[in-house]
Each structure stands twice: as structure tokens, then as C-alpha cells.
Amino acid sequence: MAMPVNATRGQHVWYWCLRLFCGFGFVFLIGPIIVIVPISFSSGSFLSYPLPGFSMRWYDAVVEPFPWMFALENSLIVAVTVTIIATALGTLAAYGLTRADFPGKPFVFGLLISPLAVPLVITALGLYFFFARVGLVQTHIGLIIAHVVLAVPFVVITVSATLKGFDWNLVRAAESLGARPLAAFFQVTLPLILPGVLAGAVFAFVTSLDEVIVALFVSGPAQLTLPRQLFTGLRDQVDPSIVAIATILIAFSIALLVVVELLQWRSSRQRSARTD
Amino acid sequence: MNAPAGIAGEGKAGPADRSLETKLRRAERRRSLNAFLLVAPLLLFIVVVFAGPILSLLYFSVDDPKLAEVMPLTAETVAEWDGAELPGEEAFATVVEEIRTGYSNRTVAAAAMRLNYEISGFRSMVMRTGRKISRIEGPPYKEALIGLDKRWGDITYWRAIKASAGPYTTRYLLAAVDLQRRWDGSIGAAPPERTIYIDYLKRTFWISFWVLAFCIAIGYPMAFLIATSEKRWSRFLLVLVLLPFWTSLLVRTAAWVVLLQNKGIVNDSLLYMDFIDEPLTLIFNRTGVYIAMVHILLPFLVLPLYAVMRNIPASQMRAAASLGAKPLAAFLSVYLPQTLPGLGAGCILVFILSLGFYITPALIGGASDQMLSYLIAEFATRTGNWGMASAIAILLLLSVAALYPIYRGLVRGGSLRLG
Amino acid sequence: MAPEPEVLVRFRDVEKTYDGRVNVVDRLNLEICRGEFLTLLGPSGSGKTTILLMLAGFEAVTAGDIALNDRSLRNVPPFRRNMGIVFQNYALFPHKSVFQNVAFPLVQRRNSKSAIRQKVEAALRMVDLSGLDDRRPNQLSGGQQQRVALARALVFEPEIVLMDEPLGALDKKLREQMQIEIKHLHEELGMTVAYVTHDQGEALTMSDRVAIMNEGLIQQVGSPHEVYEEPANAFVANFIGENNSFEGRIESISGSECAVRLANGDVVRARSATPRAKGDAAVLSLRPERLVIDPDADDVANRFGATVVEVIYFGAHNRVRLAMTGRDDIIALAPASTRSDALAPGETVEVGWSPKHCRVLAPE
């Protein structure tokens, strides 16, 4: 907010109060995430300042095969599989939802994104009972299925949003030039909606990578994931190796944020290029 | 598409036109079907793996098969009994026989567990009876059983068996709202030692309410600043909101654990600056829960608000000023009302999300800061009481569902988009 | 005799810069008189909207001063300036009804309920919107929204009404209708209007005076007739209306008339408003409707042979493109007549114009 021109004294006071207050707000949001990073490089084992010295010892603990690397491996296996399945299913569904009307479409859309609205514990409970009866508790497949349920709404939403701005005349043009529907999809539609699909995929990946409640319910020791190990560690014994893994995850989220911002920037540029 | 409709509309609908119409309708139907087929795989998946299991919670909350499975004849006998006075010899005989078989093939424990939900101590009483059941060799069973344990002569235990007879029960659903069904079928308040669930519900709403209040107080000015700043500043500030949004919930909770500990950064800094003389207790209590939950949920309020505020043209406030409105009056009568859809959507979002919070209270809160989700997890994974877990899940789900239509209305009314 | 006009707003040496290097408004000295309709006309980026924003108090003045009723507006916040503004996209409050929108300035001024009702109803009647009190802005057509914005800006009887391209969002027909209506309102109420537009037709139809802006500088201020018929420079001549311009050099001067030799050797007699010297480079400006085909009157001192290149039929007139004086882009607007209708490309005609309709201007 720029200072208003010809401001009164009261406006001046307000202007600075608001900035100060919001400054605290932003520090509150970002501060905790930044302030723990240096602690991961501490040579001591106290979780506070001043740091006794610099060392990488906590990162050495993190790269030990158990538990962190084991959890990381599990998390990545699950997240990558979830991303592939959720992106494929979600994109297909979003395409169908935007291509034509069929009876009950709003209801179907609502149903597909309903996992977002239900508290995670309830989803976890339902899945737990279901998996218990079909023998999927404490299996990788069970965990993957559970995470696909949670991740797929994000793909449906982002891809649908991208397709809403899509110019279907381009598909008609491709078909009029002799492309069969499938060829038109892969050569015209998909490249153009790719930023939306990728953004959905990133959302799906993060959802799985970050998920802990459902994992606590349906998975066993063999499916130990990173968030679950973090949860256990935080509950039992907080040491700087947790801060080290947190730092790695923060760096990872910064990278993802950049990727998503770039994707959104690209798709908005594409859209504006079309209208120019 | 217009041309054929126009021809038909002019009343010249000859046979040729009608066949064209049918053809068009068939093509339209084919398009619909194709579109639906694309959606079908995901729809099937969600119905089977998500909607089905959620609906099954309804079933599990009334399902009560345990006693009837292990002691079918007992269940049958007490079902016919009116519960007014101690049952007759026949019922005692059935119970003795079924405990005898159940104890020898080790199935009785499940039934005893179920009975324990009704009266605590019933489990050990059944198990003890099982251990000594070989002493009863013949009738009269009534005296023999009461001889083993005096409590078999107490009618309340028999009524508990009747209440557990299954196969369906309303006890879990009633218990979730601190009620119980008495032996005569009437519904009344549960005994005081079991009336904890309404407290949890109240606490869940109370915590969510305060988290929301803090989020509004901090988030509204922040969203306003982002929406009205110069472009490069607003991008930067937005990143400051998005980064926590993208950071793992556990990482953020971990950060707060580190910060709020008695020997953590917050206390150390305050001590260092001489603001306090001894460490404040910030963790494992309500304060810590509020701090961490507000931190986690704040972006969910700021982002929808920002989306709405961004679309309010600067000329609105200029118009208000040019018409003579002082800044505060202009804000209250022109700006604030236009942000209400975004504010409402953000509020409901934050409230719904915080109703379901589990991880953060579990890690940062104390015993008296746990919410409904914690109860569900406890019943499901620790005590294995599926009925109670389902009943509380339904209670939570209803709380959320009651708020959801408001959210939809606000989102549609304000044509809101996230991000 | 008209009374001496009373100055309401005075810009004195006003400058505005955003980056400290380029002045978007430069050396602005302008007076707006009470009761007049003054239009700021110019291409986009010429600084006209900035002037309006400075007057309204939404932009700071870098240098110089703006005074209202001889009192400086420095440090007077917008909400105390008492100016009605009609914004480009109306800036109607979407959450308020038509009535509430129009009542807004009166509520701010703590008018009594009955006074508000009376004034709002009068204002709505004035803009022909009676009976739409309870509608929301998004339930109104563009033209109706425009009228609400107008009523809202007028209802509190401001010192001056500022309008920033208020008709830009309307289609052509509606725009022309609203031009007339605003003009009539101005005449009836006698309010002072500062109007910003880039549409020269709009400026000419509505204004008492037009100030033509380019690159932050006022090029000419005058009545619509003056700026059209007597443009002060080549920019004004080209910006307002259609214009044929010829480049040449002054050969002789006699009184207010001079002879200009064009590049191809032809000599044109024209009128010069500003004193010029022999040998100066000059640009001649000739309106297409002053270029007569087959002239027969005696006062047509300039006569040339021309070849018809193209004739475009416009109904009431024909637009004829001619090749003459070594060029092929000279336009003549000929009223529809048997003669001009019969013109065909390739035909040779005689054309001419009076020196008093042809002005000598300094080159840009």
C-alpha cells in the first residue's frame, strides 16, 4: 500500500502502524522456518542459540541408512507412484469433465474433490477399516492407494482450471487439418495444458510426501515414511538431526515453490499471448 | 447447430428434419458418454476407496456383532428377557455353557471386551469366571454362578449383557454425545465418568474459534497490505506467505517444538533481553497449540482474501474519497463489504481445517488440549474400539458438513479462486 | 455583454514526474472557469488523466500549485476537496444498490434521511433512472451504470465534476446519446466540468473549451471552433479532424496571406496566423471538406489539376482520394451529388480551395 497522497496526520499514523503490525505478521510466518536452519549446522546438541560451533554431524546422522534414508526411500517410492497414478487419472477425468456435459456432472465433480473437504482422520479411519477387510493394511499398495485418494483432487482442480481457459477451437482446427482425436489430444491439447498438468502433479507429489495421518493409520514399520519418522522423532526425542532433515525439506519446498511459480507464470503468459 | 433448429422451429419439420434432429441428439449423447467414460475410472476409484469406506463408518458405528458371535445363545436368550428382574435358570445355564466353550477355545475375551464397554470391570469378571468355570458341574446354575462371583446376581450386569446382545446398537452414537440408553429403552445422560465427549467437541470448537479469530486479526491486514502494495513488493510478500504454505506441516510443527521449548529459542531470547526472569511454559499447553495452529492455517485465510482484494479496483476507494468518505468510513462501507466473500470463504476453510487437526495438538499440546481427531485415533489404533471411533468420526463429519454449504455459497457468490 | 468569467481552478506551473527524469505533465498553466465545460483532449500517455488525478488529489504535484477558489489544494486530502468524479469504469460500489450508491456522498455529509431521499430521487429523475433504486449495479446496462455514476457525482453539488473518459466503455450509439445528455445536464445545472477524453469528436461536441495535450504539454486551448479551424500547430491540425498537410517553403508574404512553394514546384496561397519570414519551412494544413472538386466560385485562388485515385461511398458524402502536387494521398470530402457520385478512378478533375481555409503552420 502506497502512502496516500495528501494524507492527513491520522492516515500517516495508520499507515505506519499497519506496516509495523504486518511486519510482525510476516516475521511470524517466515521466521520459524528460517531460524531453525542454522541450528542444523550446530556442533552442539542444544536446540537454541548461540551455536557452539559449526559442524555437519547432524547431516551425517541423516544419511545413515536407518531410519532417515529408509524413510526417505519409502516416501519417494510412494510419492512418485502416487504422482503418476493421480496425474493420469485426474487429467483424464478433468478432460472428460470439461469436454462435454453429462447428467450429474456437478455432483461427480463434487464427489471427486470431496477428499479435500473431509478431515484427514476420518478418511484415515475409513481407509483403515476398508484395508483391514481387504488385507491392504501395512502394505505399500495400501499406502499408495490411500495417497492417490488424497492427491487426485488437486490434479482434477488444477487441470480443470487450465482446461477452462483452453480454446477448443484449436482442437477443431487440428481435427479439420486431419488429426484423429487421440493425435489432436497428444499434439495440441496436452502440450498446451501441460503447465496445469505439471502443477497438479507437483501438488500430488507434495500431498503424498507430506502426508502423515493416513500413514499412521494404514502403514506398518516396513512402510515408514519421512513424515511418520518425523512425527515419531518429535514425539519421543527432539534432536538436531530432526532439524537437519527439516532444513532439507525446507530447501525442497523452496525449490517446489519456484517450480510452481514458473509453471503458473508460463501458463499465464501463454494465455495472454493468445489473447494479444 | 442453429440452422437446423431454426428450420424445425419454422414448422417445416418434415421427415428429413426429424431424422437430422435424432442424429444430432444421438451425436450429443455420444459426446456425453465419451466424456463420462473418461471420468469413469477415477469416479469408480473414489467411490470404492473413498466414498464407500466413509459411508461404512455409519455401519461400523451401529455394528455390534461381538457378543452374538461368541455367545449366540446368550444373546438370543437375553434379547427375549424383559430386563425387569434377574433372568431365570435357563439364562444362567446358557451363560455358563457359552463361557465354558468360549474360554476353552479362547474366543470369550472378545465378548468380555465388548461387555467391558458397558461396565468397566466386566472383562476381568468374565475372564475370572472362565478360569473357574470348571467348578460348575451341573444345575442349579444360578446359585453356582453367583457363587463364583457375587456380581452375577446383580441385575445391572445382566442388563449390560442385554445391551451388548447386538447385532446392532445405538450405544456408540449416543455415547459420542454423552448419552446412553437405559435398560428400559429410554435415553438419558451417561454416567459422569463417561461424559467426556461433549467436552472434546466443545474444546474442538473452542480451539478452532480462537485459531480463526487470531487468523483474521493477523491475516486481514496482511492480505490487505499484499493486495495494495506495488507489484514487486506484493510478489515478494506473497512469497513470504506461500513458502510456509508449501513447507511440510511436520517441518513447521518441528520448528515450533524447537522454538517453544523451555530451553528453546523464544525463551532464551526473552531471557537474554530481560523481558522475563524465568522461562515461560509455551509448549505442551494451549498457548503452544494456538501459536502453531495459527501459523499453519494463516495462509489459508490470507490467500482467498488476497484473491478477492486483488480484484477490487483502486478506483473504488478513490471514488469513496472523492464522494467525501473519510478513510475509515470508506474502508468500512466500501472496502470491507466487498472483501466479505473472500473473508467468509477463508474463515470457513480455516475453521473446517482446524476442526480436523490432529498432528499439531498431539505434538505441541498437553493432555487437555487434544481435539476430536485425537479421540478417533486413540479408539481406532490404541483400544481398537471401531464402534466408538466411527461414532466420533460421524460427529466430526457432521460438524464439518454443517459448515460446508456456507462455504460453497460464499465461494460461488464471490466467484473465488485460490492461488 | 457576458460577465467576466470567474476562475474556479488554477494550475500554476504544475509539473509531474514519476521517475524524476521525464515530466508526464510539464509547465502546466491552465484555468478552469466556473460553469464551463473544459475538455482535456490528447492521445493516451499525453498526461491528461494525470492532470485530473492531481486535481482530484490522488496524485502528488511534483512542482507548482493547484488552487481552487484561489486557495491552494496542497495537503488537502481527496475527501475534503468536494469534487465529483465519474471514473472510467464508473467505480460503482457493487455491494450497494443504486439508491445507496447515489446516497453515499450525502450519507458521508451527514444529511438527514429525508433530505437524502429527496436529493437522491431528484438526481435519479434527472438522469432518467427513476424506479431502479433497488437494483444492484451489475443488474444494469452499461448506459444505466454510466447514469448512476453521473447522478452520484452530481448529487452533492460539488464545486466541479471531473470525468475521466466516462464514455469509453460504451458502444458508439450509446456514447453519442450520452454525450448529448451530459451536455444538456451541464447546460441545465450550470456546473463546472473537467472532462478527459482521447475522442476528438466527443471533445468538439461537448466542450466550451478544449485543451489539447501532447507529451505532457498543452498544445492549444480554445473553443472547439478555434481548435478545428485555427489549429495552432501541426500536431493540433493532425490530431483534430482529418487533415491534408503539405510541406513547403514560404516564398512571399503579403499581409496575413503568403505564398508557399511545395516540393514539386507548385505554389499555394495560404493564411498565416503567426508572423513568418520569407524562406521559412512551413506546413500547410487543409481540411478535406475545404478542398473543392470542379470549383466554380471566384474566391478559390488555389487551382490544381488532379487525378482521381479512389472514390469511397459514405452515403452523405464521398471520400475522394486524389493524386496531385506530386502526391497521391490527398483527400477530399465531396458532398453527395451527381458530380461526385459519377467520379471514377483515373478521371482527371480540377480542384481548388480558398487561401483563407488553408493555414500555414510551423513544422513539428
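Asker: Give a description of a nonpolar patch on the surface that names residues and reports values.
Answerer: Residue and element names in this part refer to chain A. Together, Ile 254, Val 258, Leu 262 and Trp 265 line one region of the surface with nonpolar side chains, adding up to about 390 Å² of accessible area. When you line up the elements, Ile 254 lands in helix 11 (residues 240-275). Since its relative accessible area comes to 39%, Ile 254 is described here as partly exposed.

Asker: Residue-level account of the nonpolar core, with values.
Answerer: Ranked by size, the top nonpolar core spans 180 residues in total, and within it Phe 26, Leu 112, Leu 125 and Phe 217 of chain A together with Leu 42, Val 211 and Ile 392 of chain B carry the most contacts. Examining the composition of this core, we find that 14 residues originate from one element, helix 15 (residues 286-310) of chain B, more than from any other. With residues near it in sequence (within four places) discarded, Leu 42 of chain B still touches Leu 89, Gly 90, Ala 93, Leu 112, Val 152 and Val 156 of chain A. Counting residues in each nonpolar core, the second largest holds 76 residues, with Ala 319 of chain B together with Val 127, Leu 185 and Val 196 of chain C among its members.

Asker: Any details on empty space enclosed by the protein? Residues and values, ideally.
Answerer: Per the stated rule, a full pass over the model turns up 2 cavities of 30 Å³ or more. Computed from the structure, the largest cavity encloses a volume of approximately 140 Å³. Lining the largest cavity are 13 residues; nearest its centre among them are Leu 209, Asp 210, Leu 249 and Phe 252 of chain A together with Ser 248 of chain B. Of all the secondary-structure elements, those providing two or more residues to the lining of the largest cavity are helix 8 (181-210), helix 10 (226-236) and helix 11 of chain A. A breakdown of the residues in the lining of the largest cavity according to their chemical character gives 9 nonpolar, 3 polar and 1 charged.

Asker: Tell me about the packing of helix 1 (residues 9-35) of chain A against helix 11 (residues 197-228) of chain B, residues and numbers included.
Answerer: Where helix 1 of chain A meets helix 11 of chain B, the closest approach of the two axes is 9 Å, and the angle between their N-to-C directions is 110°. One element, helix 1 of chain A, and the other, helix 11 of chain B, form an angle in the roughly perpendicular class. Across the interface between the two elements, Leu 18, Arg 19, Phe 21, Cys 22, Gly 25, Phe 26 and Leu 29 of chain A from helix 1 of chain A touch Ala 217, Ile 218, Pro 221, Met 222, Phe 224, Leu 225 and Ile 226 of chain B from helix 11 of chain B. Its residues placed into classes, the contact of helix 1 of chain A with helix 11 of chain B shows 12 nonpolar, 1 polar and 1 charged.

Asker: Before we move on, could you go through the sheet that holds strand 6 (residues 83-86) of chain C and cite the residues and values that matter?
Answerer: Residue and element names in this part refer to chain C. Read from one edge of the open sheet, 6 strands run 6-7-8-3-9-10, paired in mixed fashion. This sheet does not close on itself; its edge strands, each paired only once, are strand 6 and strand 10 (217-222). The sheet shows a mean angle of 15° between the axes of neighbouring strands, direction not considered. As paired strands, strand 3 (residues 37-41) and strand 9 (residues 209-214) are joined by 4 bridges and run parallel to one another. Within strand 9, the position partnered with Thr 39 by the bridge is Val 210. Taken strand by strand, helix 4 (residues 142-154) contacts strand 6 and strand 7 (160-164), and its axis lies near 170° from that of strand 6.

Parameters at a glance
- Residues numbered from 1 in each chain as written.
- Chains lettered and ligands numbered in written order.
- Predicted model: local features only at pLDDT ≥ 70, side-chain atom pairs only at ≥ 80, totals over all residues.
- Heavy atoms only, no water.
- Patch = residues over 30% accessible without salt bridge, like charges linked within 9 Å, V, L, I, M, F, W, Y side chains within 5 Å.
- Areas by Shrake-Rupley, 256 points an atom, 1.4 Å probe, with all protein chains shown as cover.
- Salt bridge = Lys/Arg side-chain N within 4 Å of Asp/Glu carboxyl O.
- Helix = DSSP H or I, 4+ residues; strand = E, 2+ residues; numbered from the N terminus.
- Buried < 20%, exposed > 50% of the residue type's maximum accessible area, 1.4 Å probe, protein only.
- Core = buried A, V, L, I, M, F, W, Y, C linked by side-chain atoms within 4.5 Å.
- Contact = heavy atoms within 4.5 Å.
- 1 Å grid on protein atoms, 1.4 Å probe; cavity = no way out; pocket = protein on both sides within 12 Å on 5 of 7 lines; lining within 4 Å.
- Points joined across faces, edges and corners; volume = space filled by probe spheres on them.
- Nonpolar A, V, L, I, M, F, W, Y, C, P; charged D, E, K, R; others polar.
- Axes fitted to C-alpha atoms, helices over the stretch in contact; angles between N-to-C directions.
- Parallel < 35°, antiparallel > 145°, perpendicular 65-115°, else oblique.
- Pairing = 2+ DSSP bridges.

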